[in-house]
Amino acid sequence: MSTTNTPKRYTITAALPYTNGPIHIGHLAGVYVPADIYTRYLRLTGKDVVFVCGSDEHGVAISMKAKKEGISPKDVIDKYHGIIKQSFADFGIAFDNYSRTSAPIHHETASNFFKKLYEQGDFIEETTAQLYDEEAKQFLADRFVIGTCPKCGNEEAYGDQCENCGSSLNATDLINPKSTITGTVPTTKETTHWFLPLNRYEDFLRKWILEGHKDDWKPNVYGQCKSWIDGGLEPRAVTRDLDWGIPVPVKGGEGKVLYVWFDAPIGYISSTKEWAAREGKDWEPYWKDKDTKLLHFIGKDNIVFHCIIFPAILKAHGDYILPDNVPANEFLNLEGNKLSTSKNWAVWLHEYLVDFPDMQDVLRYTLTANAPETKDNDFTWKDFQARNNNELVAIFGNFINRVVVLTNKYYNGIVPAPSEFSTVDLETLEMLKKYPGIISSSLERYRFREAGQELMNLARLGNKYLADEEPWKVIKQDEERVKTIMFVALQIATGLAILSEPFLPFTSEKLKNILNIASAPLSDHNLETEHSRSLGWDDISKSDVLLPAKHQINKAELLFRKVEDAEIQTQLDKLEATKKANDLENKVLMSQKDTITFDDFSKLDMRVGTIVEAEKMAKAKKLLVLKVDTGLDTRTIVSGIAESFSPEKIIGKKVTVLINLAPRALRGIESEGMILMTENAEGKLVFVNPDEDGVTNGLTIS
């Protein structure tokens, strides 16, 4: 179990995104939204916390992107680092520092890590046979090679991992490997590398994880670690034959770089150093003090690296603390299909921010409600619309709007002084006091979906209270009673303003401005004077009054707007266009038929014609009976195109006709030719016909 239940400080890390493409909703749901929620919550409870991340700018993925686009790796990282960093900022992910692994401070930190372990004798040096592309004149590390997975038979497994079964692989494990650079079959060639002997750390990892974290790590994380440890750990290479990355800083390392999964996690440390230098702080307690709680937020594809490999590196170094928890999430799918950056099957964050301006919180809420915490989950645009319209607008927004509108209508925006509290009033206020604890309990167990729904339950409590007490009716008979009702409702609204901040930061800020508490602290000594300290998470459960009588609030403004059907259809149309483009790109074409001679071809008599009559054939679903003017005559042709075309819409259509095909009787009608057709990307039949004007019937096709 955790040894840091009452830590002095927290170090929160979020997986470093590769700078080979923008951020999409899968990244957000799996890593960045839950990490941001947890960090904001810690800050609201007064904790000392640093939240770090940065762009992962080394490794094969960057090199592959650069080769594909015909630019340098630096061009790639500069482009996507800018897009990613700005997207995070615009979306409200509140990193204390967002760095990049190309920064000098990271190169220095990672190099020093390697040298210390090297000098301590923690590495083993081995010369092994590696896959080599003779045409490209380079070794094939990781994703520069593709082949059949030896464990599940997936024919598109990469040299480091099979994305079908999740197995971690070496490039030499693949069956029928092929270079992704040239498409050639690689040879093998000897090369020397340094390896971290994970087998030396097996006993430590077994005790630390399998015994120490059996009850507090998520089952998916614990299970994957147990599978690896029980299967026996093997030495893992920490260097690669590449020309992009951090140069190996020891003799014999010329032409080699640090393996990206050695250097990338160290990026958390270098990012913390960068933050501390800027803020005038000491970085070391956040990574070396046993009273610090270290948490890694990642996706399930990074579990092994953060729970086994990186802790082994930290353990070998000797000066660093280990992660207290690694609350990894599963994967998020999109409209029933696996997210794919290469196939553009994604909702890109920077595009969402343009399509739905000032609606960051709607996406945050939807991704939290559908967070893939224990299993893969699905994002759909219809659910996005429903979450917004039926929950954020109809529950949360509706309650706040009614409270603020009525307070301005009845009391000119001044919080009324309550008179006598009823049993319902007191029970409601007591329930409000419990919500910080309820939501905290879920967050401390990394159950963000549950926590988000508890926040919405507080809004439901407010709606039910107003609906039951009906101040708009009671005002006609008992004005004093309405003052109490509105006072209680305003306390709930204030509670929502505070508790929503981790989940809906933009909404929380807007609501605080409406309630005029953006910088309005609470004074326990004199509730009728101006506030003297900021409202925090714990104040809700400790104080009887959050918003005092005589406090002036501002006018109402809508927190959320409805999402219209047309907006959703636009997004669905965009995905449908992507699907069609992928289908067209992946369409399997019919292989070439047997070779014919020119004499064979010259026997075909193809003419330009015009459809002059068309009708459906009786009792035949697919057949149309056509009259076609071939220029030589008008003849009957039976064609199986009824499911693609209605008769009235093709009359007058120019077509290409094979006129010397032997007649054939179809359902008692003799067909005297064939019209040339093909299929488009959607699988729909289209006519193969001349597109030039002035082409007359009877002209030959040759």
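About the cut-offs
- Residues numbered from 1 in each chain as written.
- Predicted model: local features only at pLDDT ≥ 70, side-chain atom pairs only at ≥ 80, totals over all residues.
- Heavy atoms only, no water.
- Pairing = 2+ DSSP bridges.
- Helix = DSSP H or I, 4+ residues; strand = E, 2+ residues; numbered from the N terminus.
- 1 Å grid on protein atoms, 1.4 Å probe; cavity = no way out; pocket = protein on both sides within 12 Å on 5 of 7 lines; lining within 4 Å.
- Points joined across faces, edges and corners; volume = space filled by probe spheres on them.
- Nonpolar A, V, L, I, M, F, W, Y, C, P; charged D, E, K, R; others polar.
- Contact = heavy atoms within 4.5 Å.
- Polar contact = N/O pair within 3.5 Å; in protein donor to acceptor, adjacent residues only side chain to side chain.
- Salt bridge = Lys/Arg side-chain N within 4 Å of Asp/Glu carboxyl O.
- Buried < 20%, exposed > 50% of the residue type's maximum accessible area, 1.4 Å probe, protein only.
- Right-handed = clockwise from strand over helix to strand, strands pointing away.
- Expected span 1.5 Å × (residues − 1).
- Phe/Tyr/Trp six-rings, centres within 6.5 Å; stacked < 30°, edge-to-face > 60°.
- Lys NZ or Arg CZ within 6 Å of the ring centre and 35° of its normal.

**Q** Please clarify how the sheet that holds strand 8 (residues 175–179) should be interpreted in this entry.
**A** Sheet strands pair by backbone hydrogen bonding; their relative direction is either parallel or antiparallel. Across the sheet, three strands lie side by side as 7-6-8; this open sheet has antiparallel pairing. If you trace the sheet from one side to the other, it starts and ends with strand 7 (157–158) and strand 8, each paired once. Looking at chain direction, strand 6 (residues 145–148) and strand 8 are connected through three bridges and run antiparallel. Within strand 8, the residue paired with Thr-148 across the bridge is Ile-175.

**Q** For this particular structure, what's the right way to read the layout of surface pockets?
**A** Picture a little ball the size of a water molecule; that probe, rolled over the atoms, points out where space is still empty. Of the voids in this model, the second largest pocket is the one considered here, and its volume is about 860 Å³. What lines the second largest pocket is a set of 38 residues, and nearest its centre among them are Ser-168, Leu-169, Asn-170, Asp-173 and Arg-236. Of all the elements in the fold, those that place two or more residues in the lining of the second largest pocket are strand 4 (124–133), strand 9 (187–197), helix 6 (219–230), strand 10 (235–237) and strand 11 (239–240). When residues in the lining of the second largest pocket are grouped by element, the largest group, four residues, is from strand 4. Of the residues assigned to the lining of the second largest pocket, the class counts are 15 nonpolar, 14 polar and nine charged.

**Q** Where do I start with the environment of Thr-13 in this structure?
**A** Note on placement: Thr-13 falls in strand 1 (residues 9–14). Residues Thr-13 and Ile-269, spaced 256 residues apart in sequence, show a C-alpha to C-alpha distance of 9.4 Å. Apart from residues lying up to four places away in sequence, Thr-13 is in contact with Val-52, Tyr-268, Trp-287, Leu-294, Leu-295, His-296 and Phe-297. Polar side-chain contacts of Thr-13 include one of 2.7 Å to the side chain of His-296.

**Q** Looking at this model, I keep getting lost on the sheet that holds strand 10. Mind explaining?
**A** Read across the open sheet, the four strands follow the order 5-4-9-10; overall the sheet is antiparallel. Among the strands making up the open sheet, the edge pair consists of strand 5 (138–139) and strand 10. Summarising the sheet, strand 4 and strand 9 pair through nine bridges and their orientation is antiparallel. Across the sheet, the residue bridging to Thr-128 is Thr-191, located in strand 9.

**Q** Please explain the pattern of salt bridges as it appears in this structure.
**A** Where charged atoms of side chains with opposite charge meet at close range, the side chains can pair. All told, the structure shown has 37 salt bridges when counted by the stated rule. We note a salt bridge from Glu-279 to Arg-278, for which the minimum N-O separation is 3.2 Å. With a relative accessible area of 46%, Arg-278 lands in the partly exposed category. A salt bridge links Arg-447 to Glu-450; the shortest N-O distance between them is 3.9 Å. Residue classification places Glu-450 among the partly exposed residues on the basis of a relative accessible area of 31%. Each of Asp-36, Arg-40, Arg-364 and Glu-501 takes part in a single network of salt bridges with overlapping partners.

**Q** Mind showing me how you'd approach the pairing of strand 1 here?
**A** Consecutive side chains of a regular strand alternate in pointing toward one face of the sheet and then the other. With six of six residues buried, strand 1 lies mostly within the body of the structure. Neither face of strand 1 is exposed, since Arg-9, Thr-11 and Thr-13 on one face and Tyr-10, Ile-12 and Ala-14 on the opposite face are all buried. Relative to strand 13 (residues 292–297), strand 1 is paired through six bridges, and the arrangement is parallel. Each residue of the ladder has a partner; that of Ala-14, found in strand 13, is Phe-297. Direction of pairing for strand 1 relative to strand 2 (residues 49–55): parallel, over a ladder of four bridges. Pairing of Tyr-10 across the sheet is with Val-49, part of strand 2. Each parallel crossover has a hand, and for strand 1 linked through helix 1 (residues 25–44) to strand 2 it is right-handed.

**Q** It is not clear to me how helix 4 (residues 104–119) should be interpreted in this structure. Could you clarify?
**A** Owing to its 3.6 residues per turn, the α-helix aligns residues three or four sequence positions apart on the same side. The terminal C-alpha atoms of helix 4, which comprises 16 residues, lie 22 Å apart, in line with the 22 Å expected from a rise of 1.5 Å per residue. Every buried residue of helix 4 is accounted for by His-106, Thr-109, Ala-110, Ser-111, Phe-113, Phe-114 and Leu-117. Buried residues in helix 4 make contact with strand 3 (97–100), strand 9, strand 11, strand 12 (257–258), helix 7 (260–279) and helix 9 (303–317). Following helix 4 by one or two positions, Gly-121 has its phi on the positive side, about 80°.

**Q** Would you take a moment to explain the environment of Ile-321 for this structure?
**A** Secondary-structure assignment places Ile-321 in the loop between helix 9 and strand 14 (332–334). The class for Ile-321 is buried, based on a relative accessible area of 10%. Note: C-alpha distance between Ile-321 and Lys-290 (31 residues apart in sequence) is 6.3 Å. Beyond its immediate sequence surroundings of up to four residues, Ile-321 is in contact with Tyr-286, Trp-287, Lys-288, Asp-289, Lys-290, Thr-292, Leu-294 and Leu-314.

**Q** Even after reading the chapter, I still don't get the packing of aromatic side chains, so can you show me in this structure?
**A** In this description, an aromatic ring pair is defined by two values, namely the gap between the centres and the angle between the planes. Applying the stated criterion across every chain yields a total of 37 aromatic pairs. With a centroid separation of 4.7 Å and an interplanar angle of 50°, the aromatic rings of Phe-51 and Phe-95 are classed as tilted. In this pair, Phe-51 is assigned in strand 2 and Phe-95 in the loop between helix 3 (73–91) and strand 3, connecting sequence segments 44 residues apart. Judged by relative accessible area, Phe-95 falls into the buried class, the value being 16%. Seen from their ring centres, Tyr-118 and Trp-194 are 6.4 Å apart, and the 75° between their planes marks the pair as edge-to-face. Remark: Trp-194 occurs in strand 9 and Tyr-118 occurs in helix 4; sequence separation between them is 76 residues. By relative accessible area, Tyr-118 is classed as partly exposed at 33%. Each member of the aromatic cluster is reached from another via a ring pair, and the members are Tyr-38, Tyr-41, Phe-297, Tyr-446, Phe-448 and Trp-537. Over the ring of Tyr-132 we find Lys-189, and its NZ or CZ is 4.3 Å from the ring centre. Over the ring of Phe-331 we find Lys-300; its NZ or CZ atom is 4.6 Å from the centre of that ring.

**Q** What should I look at first to understand empty space enclosed by the protein in this one?
**A** Scanning the entire structure with this criterion turns up one cavity of 30 Å³ or more. When its volume is computed, the largest cavity comes out at roughly 40 Å³. Along the walls of the largest cavity sit Arg-236, Ala-237, Val-238, Tyr-259, Trp-261, Phe-262, Ile-309 and Ile-313, which together make up its complete lining. For the lining of the largest cavity, the secondary-structure elements that each account for two or more residues are strand 10, helix 7 and helix 9. Residues belonging to the lining of the largest cavity are distributed by class as follows: seven nonpolar, no polar and one charged.

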